[in-house]
Amino acid sequence: MPTQPSANSRVALFGVQVDPLRMPAAVARVWEWIGQAQGTCRFVVTPNIDHVVLLQENSGLRAAYEHAALVLADGWPVVTASRWLGKPLPERVTGSDLVPNVFAQATANKPLSVYLLGALPGVAERAAEKIQARWPHVKVVGWYSPPLGFEKNACENEQILERIAAVAPDLLVLGLGAPKQELWINAHREQVQAKVALCVGATIDFLAGERRRAPGWMQRLGLEWFYRLAGEPRRLLSRYARDAWIFPQLVWREWRTPSRA
């Protein structure tokens, strides 16, 4: 039984090996791993433009991507660039969509236990209530909002690992933000007592109703970035400006590399 996609099936883009999967196949892969015996925690990452830019200079993030069991393109610009470059990815698979799609497959005969790690205090608890109301066969067995800088505190990390181990969830939902969540799960993947971990940014906030995603029409038109920027201009403007400057250069460099064909 396969444990992760063959390297030959992946698409090489911007120094990252991306899995060319549509949402149903990605959900099926996660559930395949959930059904297997406990081992090293497999984790899923979802690169967007910001991740691609960070990967160019962050060796720790590149290492996390190399160890990821699934790499799914989150951003429309990444998918669009893949098509321009002759390495087409079939569709965008966002972490915020992946989580509810995985939840939706839980049944009375196939229940799902989940641990939520991330978001501000109180948010994950509200998310847990809404998850269990919407998906009755999903049981949130724990949640925790770690303090700022926890990733540098060995004692705090040990306590987090103990919290997770005490309930041994099928699925760990990581909402710590990038690149923190990817670096953390890569560093602790052999100690995390969960079958699969999903690195999904603000998804816990969305599930709690703390933040709202862009309307569906904006998502379909690739304008979710504009919706987010309008809502959080101070936090996102400098990041988006940097990405808008660097990403086209990366596309041009990818176009010029002889291996693109």
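This section reports on the structure supplied with the text.

The rules we used
- Residues numbered from 1 in each chain as written.
- Predicted model: local features only at pLDDT ≥ 70, side-chain atom pairs only at ≥ 80, totals over all residues.
- Heavy atoms only, no water.
- Pairing = 2+ DSSP bridges.
- Helix = DSSP H or I, 4+ residues; strand = E, 2+ residues; numbered from the N terminus.
- Core = buried A, V, L, I, M, F, W, Y, C linked by side-chain atoms within 4.5 Å.
- Buried < 20%, exposed > 50% of the residue type's maximum accessible area, 1.4 Å probe, protein only.
- Contact = heavy atoms within 4.5 Å.
- Disulfide = S-S within 2.5 Å.
- Polar contact = N/O pair within 3.5 Å; in protein donor to acceptor, adjacent residues only side chain to side chain.
- 1 Å grid on protein atoms, 1.4 Å probe; cavity = no way out; pocket = protein on both sides within 12 Å on 5 of 7 lines; lining within 4 Å.
- Points joined across faces, edges and corners; volume = space filled by probe spheres on them.
- Nonpolar A, V, L, I, M, F, W, Y, C, P; charged D, E, K, R; others polar.
- Right-handed = clockwise from strand over helix to strand, strands pointing away.
- Axes fitted to C-alpha atoms, helices over the stretch in contact; angles between N-to-C directions.
- Parallel < 35°, antiparallel > 145°, perpendicular 65-115°, else oblique.
- Left-handed = near helix turned anticlockwise from the far one by under 90°.

In this section: the sheet that holds strand E5 (residues 112-118). The parallel open sheet is built from six strands, whose spatial order is E4-E3-E8-E7-E5-E6. Since the sheet does not close on itself, it has two edges, and those belong to strand E4 (70-71) and strand E6 (138-144), each with one partner. Sheet topology note: the strand E3 (residues 42-45)/strand E8 (residues 196-199) ladder contains three bridges and is parallel. Note on E8: the bridge partner recorded for valine 44 is leucine 198.

Residues Phe14, Leu117, Leu172, Leu174, Trp184, Ile185 and Val192 are the most contacted members of the largest nonpolar core, which totals 40 residues. Those residues within four positions of tryptophan 184 in sequence are excluded, and the remaining contacts are Leu117, Phe150, Glu151, Asn157, Ile160, Leu161, Ile164, Leu172, Leu174 and Val192. In terms of nonpolar packing, the next biggest core, distinct from the first, is built from 38 residues, Val99, Val123, Trp135 and Leu198 among them.

Let us now look at the state of the cysteines. Counted according to the given criterion, the structure contains zero disulfides. With no disulfide partner, cysteine 199 has as its closest neighbouring cysteine sulfur the one in cysteine 41, 8.8 Å distant.

Moving on: the side chain of aspartate 19. Relative to the elements of secondary structure, aspartate 19 occurs in the loop between strand E2 (16-18) and helix H1 (23-34). A polar atom in the side chain of aspartate 19 sits 2.7 Å from the backbone nitrogen of valine 71.

The subject of this paragraph is the layout of surface pockets. Left-over empty space is what a probe sized like a water molecule reveals as it rolls over the atoms. In this structure, the second largest pocket spans a volume of roughly 190 Å³. Ile49, Pro77, Thr80, Trp84 and Phe247 are, among the 10 residues lining the second largest pocket, the residues nearest its centre. When residues of the lining of the second largest pocket are traced back to their parent elements, those giving at least two are helix H4 (76-84) and helix H12 (233-256). A per-element tally of the lining of the second largest pocket places H12 first, with five residues. Taken together, the residues that form the lining of the second largest pocket break down as eight nonpolar, one polar and one charged.

E5 sits mainly inside the fold: seven of its seven residues count as buried. Pairing between E5 and E6: six bridges, direction parallel. In the strand pairing of E6, leucine 117 is matched with tyrosine 144. Of the crossover connections in this fold, the one passing from E5 over helix H6 (residues 123-134) to the parallel E6 is right-handed.

Packing of helix H3 (residues 59-67) against helix H8 (residues 180-188) brings their axes to within 9 Å, and their N-to-C directions diverge by 60°. Taken as axis vectors, H3 and H8 run oblique relative to one another. In this structure, H3 crosses over H8, and the sense of that crossing is left-handed. In this structure, H3 contributes Gly60, Leu61, Ala63, Ala64, Tyr65 and His67 to the contact, and H8 contributes Glu182, Leu183 and Asn186. When grouped by side-chain class, the residues that make up the contact of H3 with H8 number five nonpolar, three polar and one charged.

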